[in-house]
Amino acid sequence: MRVYVPLTLSGLAAAHGAGELGPGPLTAYAVTPGLREWYVSDDIEELEYAALNRAAAASLRMIAGTPDEARRRVVVAVDAPDGAAVADPDQGLSATSLGEVRIAAALPLAKAAAVHVDADDAEKDVAAAAAALGAADLGDDDARFTVDGAEDHELLWFGVQEIPQLIG
């Protein structure tokens, strides 16, 4: 199963050094029944893109919680073993957990299919979004608009062999 693991650039550096994403348990995002129902599509590429975007939003939350972190969202696409990614059925269609899965053990970085990272020109909008996230969560429409500004930036695709250049 393809899962999307949200990280930061320093988290990617740590994973690269360790050779794995972890330790477990990990929170990741995938095409779950709840995500399928919410997105209302049978197109697997669209559903995986939606899961990737959910992971990008989780990466933004990680960035917001660490003031010294580079302001670029990071998501690693990994092929997890069948049955390793488990969705919480009690969460159902909760907007905050759509597509969210738990993985009990670390995932080898060798199983990663790609790394998705913001371009340098997204840093200003990602920084503003990270600063506005708390107010957006409380219903501030202007703050929500600022957070959406980061989401307007498409994450760039990188091969796993390019990680050293990303973290260097």
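Heads up: these notes are all about the structure in this document.

Calculation notes
Residues numbered from 1 in each chain as written. Predicted model: local features only at pLDDT ≥ 70, side-chain atom pairs only at ≥ 80, totals over all residues. Heavy atoms only, no water. Helix = DSSP H or I, 4+ residues; strand = E, 2+ residues; numbered from the N terminus. Rg over C-alpha atoms; globule rule 2.2 N^0.38 Å. Buried < 20%, exposed > 50% of the residue type's maximum accessible area, 1.4 Å probe, protein only. Contact = heavy atoms within 4.5 Å. Core = buried A, V, L, I, M, F, W, Y, C linked by side-chain atoms within 4.5 Å. Pairing = 2+ DSSP bridges. Axes fitted to C-alpha atoms, helices over the stretch in contact; angles between N-to-C directions. Left-handed = near helix turned anticlockwise from the far one by under 90°. Nonpolar A, V, L, I, M, F, W, Y, C, P; charged D, E, K, R; others polar. Phe/Tyr/Trp six-rings, centres within 6.5 Å; stacked < 30°, edge-to-face > 60°. Lys NZ or Arg CZ within 6 Å of the ring centre and 35° of its normal.

Some remarks on the overall build of the protein
Next up, step 1: What the protein contains, in helices and strands, is 6 helices and 9 strands.
Next up, step 2: Here the C-alpha atoms of the protein give a radius of gyration of 15 Å, agreeing with the 15 Å that 2.2 N^0.38 yields for 168 residues.
Next up, step 3: The buried share among the 168 residues of the protein stands at 43%.
Next up, step 4: Sequence separation of 24 or more characterises 77% of the internal contacts of the protein that already satisfy a separation of 6 or more.

Side note on the nonpolar core
Next up, step 1: Among the nonpolar cores identified, the biggest contains 25 residues, and V3, L12, L21, V76, L107 and V115 are the most heavily contacted of them.
Next up, step 2: Contributions of two or more residues to this core are made by β1 (2–7), α1 (9–18), β3 (26–29), β4 (74–79), β6 (100–103), β8 (112–117) and α6 (163–167).
Next up, step 3: Non-local contacts of L21, meaning those with residues more than four positions away in its chain, are made with V5, L7, A15, L26, V76, V78, A106, L107 and L109.
Next up, step 4: Of all hydrophobic cores here, the second largest spans 13 residues; its members include L52, A58, L98 and L155.

Side note on the pairing of β1
Next up, step 1: With 5 of 6 residues buried, β1 lies mostly within the body of the structure.
Next up, step 2: Strand direction decides the pairing type here: β1 and β4, joined by 6 bridges, are antiparallel. The residue bridging V3 from the neighbouring strand is V78, located in β4.

Quick word on the packing of helix α4 (residues 123–137) against helix α5 (residues 141–151)
When two helices pack together, you describe them by how their axes are tilted relative to each other and by the distance separating the axes.
Next up, step 1: The contact between α4 and α5 brings their axes to 7 Å, and the two run at 145°. For the pair α4 and α5, the crossing hand works out as left-handed. For the pair α4 and α5, the contacting residues are D125, V126, A128, A129, A132, L133, A135 and A136 in the first and A143, R144, T146, V147, G149 and A150 in the second.
Next up, step 2: Counted by class, the contact of α4 with α5 contains 10 nonpolar, 2 polar and 2 charged residues.

Details of the packing of aromatic side chains
Next up, step 1: One pass over the full model with this rule turns up 1 aromatic pair.
Next up, step 2: Between W38 and Y39 the ring centres are 6.0 Å apart and the planes differ by 50°, which places this aromatic pair in the tilted class.
Next up, step 3: Its guanidinium or amino end placed over the ring of W38, R54 lies 6.0 Å from that ring's centre, counting from NZ or CZ.

Overview of the environment of A87
Next up, step 1: Relative to the helices and strands, A87 resides in the loop between β5 (85–86) and β6.
Next up, step 2: According to the relative accessible area criterion, A87 is partly exposed, its value standing at 32%.
Next up, step 3: For the pair A87 and A30, spaced 57 residues apart in the sequence, the C-alpha separation amounts to 8.8 Å.
Next up, step 4: Residues contacting A87, with those up to four places away along its chain left out, are T32, E100 and V101.

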